[in-house]
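# Topology and contacts: notes
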Amino acid sequence: MSQHGVGPRAVTRSVAFLTAGVLAVPALAGCGSEDPSGKPLAGQDIQPAPRDRIADGGTLRWAVDSVPDTLNTFQSDADATTTRVAQAVLPSMFRMDASGRPERNADYLESAEVVDTEPKQVVLYKLNQQAVWSDGQEIGAADFAAQWRALSGKDTAYWTARNAGYDRIQKIERGDSALEVRVTFSRPYADWRSLFSPLYPKDVMGTPDSFNDGARKKLKVTAGPFRVQKADREDGEITLARNPRWWGEPARLSEIVLRAVPRDKRAAELAAGTLDLAEIDPAAARRITLAARPHSSSSPLMGPGADRSAADSLRSWAVANGSDEDAADEETVARKKLRKAAVKYARQQRALSGFEVRKSLEPAYTQLALNGAEGPLTDERVRRAVARALDRKELAQAVLKPLGLPSVPVGSHLALSGQAHYADNSGALGGQDTKEAQALLADAGWVRGGPVKEQKKEKAAGPEGDKADDTGEDNKAQHGPDPAGHLAQDGRQYKSHQGGAPGAYAPRGTAAPANQEAARLAKNGKALTLRFVLPSGPGSQTLRTVADRISRMLERVGIGTEISKVSDESYFKDHIASGQYDLALYSWPATAYPATDARPVFAKPVPAADGSLNVEQNYTRVGTDQVDQLFDEAVATLDEGESRSLIRKADSRIWAAAGSIPLFQRPQLLAARKNLVNAGAFGFGTPVHEDMGFLKKGAKPASGPSAKGSAAR
């Protein structure tokens, strides 16, 4: 599944084992005639404007998390910026619409359809006759064939991160003309629209050497509204310039400069005038919103000294003017620094008044992952008890309501509201029910107030394990006794992030109600305390809020948590991927092709030749044969309605196994210069780079409610 970015088709295998529980699954969504997919909870917020109101020229300076190590999206170290570049400079046969559904990209395709199913599935692509590479060569069957051979998995000399779908192709040939490409599949493939997006030229895909190295640092040949003019890793910038051979609507902007700016520095960079568009955190969003209000620079609500009370100010004045000369000098210096910081903040606020916050929901969701490979969570009853203890609505409201976004819990692991495969299947597990959670724990043998043996402390896995105590006493099991070491963490699968950033948000440990130790559940001399692992990087306040609330919800049913914060760098490698956690918060991107992209995320772990277990991307180590079979059937079913029904059945069974609990769709907040149009919070939709630009002097954006943006504002 793929925020904001590169999807989860890649990744190393490493795993754990889990027996499938037997659960009665209620009537499955998607079996009736009513479409349960619904609509997106929030639309795009991009300040739409017709092209004739947009000035010709200008440079858009757009913040990214990094200058990527590769410009080849099919390599394992590709990231969200790799995808952003590819969307602007390379062909894509299908793009995502505002509901997260694939739509034909008319700039490249006249049509694409399945023309035969027997004896083999055949897809016929009819290309736009104007479509050419930037070197003047026509886009054609040779490019399709080169990409298939590179990504088929048959030649290990190609260092590919994924081959899903391409491994089902039998042959590619030219059709009746140079504009037709016939793709014949060896096995039926429902997600054929996912292929050749992006499409690289045969010069990149033609040989292992050119694939492995030719597109890492530069892209000589492109075919989008922009081309890669320069990728400067030292300066942290990628410059995209207009493609003079582009045949579609000409780009309104002359250049797009992607600048690597840390998220905690973006508000300052926006104020300094070095950025026009940047994804930001809630704190920066509040600051920009405040800047737009009258007299915001003097507001006491934010900025240096905002948290000082009248008594604090009076005390500071008294010390600065007191008889203790040393204390007075020290306080005077501190007061001068504070005044200087306040002046700088006010100046930045005035500059930020030229920006606005555009908001939507990312095509990604945050989940609570439960490691079913070891410890109490190997028991499906305990996992289900954790799930039934959670009030997902409350968690969604805590994150999204303050931002003015719809606070609706996510009801599917495999799609989001508005996408074709979505249906709320959470009923297969059930909603928040304290009594039911307690009954499940009792049935699993956990009793309240049972004897507890003193446990030997362990050190957290990973190089930063020694730092587990550095985060303070609030990270210890104030929710109960101090059992095993700090082995929990949180984050997100894709760097972006997001997130991101693009990866994960990171919670912080918080104290539970007092005098709860006696109420802790225990079994065989061990208290029921779960290791909650979280990343410790900046911008993690959102996850801290979520982790705090989850811990309190679990406390009510007798489950303790011990929170451990670890570095972002080691979060996935040393904790999630290696199974060194009980609970974790991280995000998965949504996808229009769950039969392909989601299967490795939920596949049942299988033994490897060396005796270990392969988990693919199933970091919870919870899977069942039933779910695998449903995915296999869905990806091989060319009847789209039947394929969606199978995906929804798979999701119901994933809910029932309680390996991961979807919580909420991630917020998407962007700061945009007020005269920047057709850019901002894109939600599900693929950006249309040629339509981005700055309004002409005196021009106004589209009038009336925007189908693309008003729902999110």
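Model, not experiment: these values are computed from the prediction.

About the thresholds
Residues numbered from 1 in each chain as written. Predicted model: local features only at pLDDT ≥ 70, side-chain atom pairs only at ≥ 80, totals over all residues. Heavy atoms only, no water. Helix = DSSP H or I, 4+ residues; strand = E, 2+ residues; numbered from the N terminus. Buried < 20%, exposed > 50% of the residue type's maximum accessible area, 1.4 Å probe, protein only. Patch = residues over 30% accessible without salt bridge, like charges linked within 9 Å, V, L, I, M, F, W, Y side chains within 5 Å. Areas by Shrake-Rupley, 256 points an atom, 1.4 Å probe, with all protein chains shown as cover. Salt bridge = Lys/Arg side-chain N within 4 Å of Asp/Glu carboxyl O. Lys, Arg positive; Asp, Glu negative; His and termini not counted. Charge placed at Lys NZ, Arg CZ, Asp CG, Glu CD. Pairing = 2+ DSSP bridges. Axes fitted to C-alpha atoms, helices over the stretch in contact; angles between N-to-C directions. Parallel < 35°, antiparallel > 145°, perpendicular 65-115°, else oblique. Left-handed = near helix turned anticlockwise from the far one by under 90°. Contact = heavy atoms within 4.5 Å. Nonpolar A, V, L, I, M, F, W, Y, C, P; charged D, E, K, R; others polar. Core = buried A, V, L, I, M, F, W, Y, C linked by side-chain atoms within 4.5 Å. Polar contact = N/O pair within 3.5 Å; in protein donor to acceptor, adjacent residues only side chain to side chain. Phe/Tyr/Trp six-rings, centres within 6.5 Å; stacked < 30°, edge-to-face > 60°. Expected span 1.5 Å × (residues − 1).

### Here we look at the overall build of the chain
When its secondary structure is counted, the chain shows 17 helices and 23 strands. Burial status across the chain gives 56% buried among its 713 residues.

### Considerations on a negative patch on the surface
Residues Asp324, Glu325, Asp326, Asp329 and Glu330 make up a contiguous surface patch of negative charge. Looking at the secondary structure, you find Glu330 in helix α8 (residues 325–352).

### What about the sheet that holds strand β15 (residues 526–527)?
Spatially, β13-β14-β15 is the arrangement adopted by the three strands of the open sheet, whose pairing is antiparallel. Looking along the sheet, the strands with just one partner apiece sit at the ends: β13 (447–448) and β15. Here two bridges tie β13 to strand β14 (residues 521–523), and the two strands are oriented antiparallel to one another. In the sheet register, Val447 faces β14, and the bridge partner there is Ala522.

### Observations concerning the sheet that holds strand β6 (residues 169–174)
Taken in spatial order, the four strands make up an open sheet running β4-β5-β7-β6, and their pairing is antiparallel. Pairing within the sheet leaves two strands with one partner each, and these edge strands are β4 (109–116) and β6. Within the sheet, the average angular offset between the axes of one strand and its neighbour, ignoring direction, is 15 degrees. Where β6 meets strand β7 (residues 180–185), five bridges bridge the pair, whose relative direction is antiparallel. Across the sheet, Ile172 pairs through a bridge with Val183, a residue of β7.

### Quick look at unusual backbone geometry
Residue Glu118 is joined to Pro119 through a cis peptide bond whose omega torsion reads 0 degrees. For the bond running from Ser197 to Pro198, omega is 5 degrees, close enough to zero to count as cis. You can see Pro198 is positioned in the loop between β7 and α3 (202–205). The phi dihedral of Glu616 falls on the positive side, at around 50 degrees, and the residue is not glycine.

### Focus: the packing of helix α9 (residues 380–389) against helix α11 (residues 434–443)
One can describe the packing of α9 onto α11 by two numbers: an axis separation of 8 Å at closest approach and a directional angle of 165 degrees. With respect to α11, the element α9 is oriented roughly antiparallel. In this structure, α9 meets α11 at a crossing whose hand is left-handed. On the side of α9, the interface is formed by Arg381, Val382, Arg384, Ala385, Arg388 and Ala389, while α11 contributes Thr434, Glu436, Ala437, Leu440, Leu441 and Asp443. The class makeup of the residues in the contact of α9 with α11 is six nonpolar, one polar and five charged.

### Brief notes about the nonpolar core
The biggest cluster of nonpolar side chains holds 103 residues, and the ones touching the most others in it are Met93, Tyr125, Phe196, Leu240 and Tyr586. Once you skip the residues sitting within four places of it in the chain, Phe196 turns out to touch Pro91, Ser92, Met93, Tyr125, Phe144, Gln147, Tyr166, Ile169, Ile172 and Val183.

### So, the environment of Glu633
Inspection of the secondary structure assignment puts Glu633 in helix α16 (residues 625–635). Measuring from C-alpha to C-alpha, the distance between Glu633 and Ile647 comes to 9.0 Å, with 14 residues separating the pair along the chain.

### Description of the side chain of Lys359
Here Lys359 shows up in strand β12 (residues 355–370). For the buried Lys359, no salt bridge exists, and the shortest N-O distance to an oppositely charged side chain is 7.1 Å, to Asp45. Engagement of the side chain of Lys359 in a polar contact is seen with the backbone oxygen of Leu403, the distance being 2.8 Å.

### Describing a positive patch on the surface
Among the surface-exposed residues, Lys265, Lys340, Lys344, Arg347 and Arg350 lie close enough to one another that they form a single positively charged patch. Looking at where Arg350 falls in the secondary structure, it is placed in helix α8.

### A word on the pattern of salt bridges
Enumeration according to the criterion identifies 29 salt bridges in this entry. Residue Arg381 is joined to Asp443 by a salt bridge in which the shortest nitrogen-to-oxygen separation is 3.2 Å. Taken together, the positions of Arg381 in helix α9 and Asp443 in helix α11 put the pair 62 residues apart, joining distant regions of the chain. For Arg381, a relative accessible area of 28% gives the class partly exposed. Taking the shortest distance from any N to any O, the salt bridge between Arg520 and Glu555 comes out at 3.3 Å. Taken together, the positions of Arg520 in the loop between β13 and β14 and Glu555 in helix α12 (residues 541–556) put the pair 35 residues apart, joining distant regions of the chain. Of the two residues, Arg520 and Glu555, neither departs from the other in class, the shared state being buried. When salt bridges that share partners are traced, they join Asp65, Arg263, Arg266 and Glu279 into one network.

### Thoughts on the packing of aromatic side chains
Following the criterion strictly, the structure yields 20 aromatic pairs and no others. The interplanar angle of 5 degrees and the centroid separation of 6.2 Å between the aromatic rings of Trp588 and Tyr619 together place this pair among those described as stacked. Here Trp588, found in strand β18 (residues 583–589), pairs with Tyr619, found in the loop between β20 (613–614) and α16; they are 31 residues apart in sequence, far enough to count as distant. Overall, the relative accessible area of 1% leaves Trp588 in the buried class. Site record: aromatic cluster; members linked through ring pairs are Phe74, Phe94, Tyr125, Phe144, Tyr166, Trp192, Phe196 and Tyr200.

### Observations regarding the pairing of β18
Of all seven residues in β18, seven are buried; the element is thus mostly enclosed. Taking every second residue as pointing to the same face, both faces of β18 are buried, with Leu583, Leu585, Ser587 and Pro589 on one and Ala584, Tyr586 and Trp588 on the other. In this structure, β12 lies alongside β18, joined through seven bridges in antiparallel fashion. Bridge assignment links Ala364 to a residue of β18, and that residue is Pro589. With two bridges joining them, strand β16 (residues 529–535) and β18 adopt parallel strand pairing. Across the sheet, Phe532 pairs through a bridge with Leu583, a residue of β18.

### As for helix α17 (residues 640–657)
Its 18 residues give α17 an end-to-end C-alpha distance of 26 Å, which sits within 8% of 26 Å, the value for a rise of 1.5 Å per residue. Of all the positions in α17, only Ser643, Ser645, Leu646, Ile647, Arg648, Ala650, Asp651, Ser652, Ile654, Trp655, Ala656 and Ala657 are classed as buried. Packing partners of the buried residues in α17 comprise α9, α10 (392–400), α14 (594–597), α15 (599–602), α16 and β21 (660–673). Ala658 lies just past α17 and shows a positive phi near 55 degrees.

### Considerations on the packing of α16 against α17
It is the contact of α16 with α17, at a shortest axis distance of 9 Å, that shows an interaxial angle of 165 degrees. Taken together, the axes of α16 and α17 lie roughly antiparallel to each other. With respect to the hand of their crossing, α16 and α17 are arranged in left-handed fashion. Here α16 contributes Gln626, Val627, Leu630, Phe631, Glu633 and Ala634 to the contact with α17, which in turn contributes Ser643, Leu646, Ile647, Lys649, Ala650, Arg653 and Ile654.

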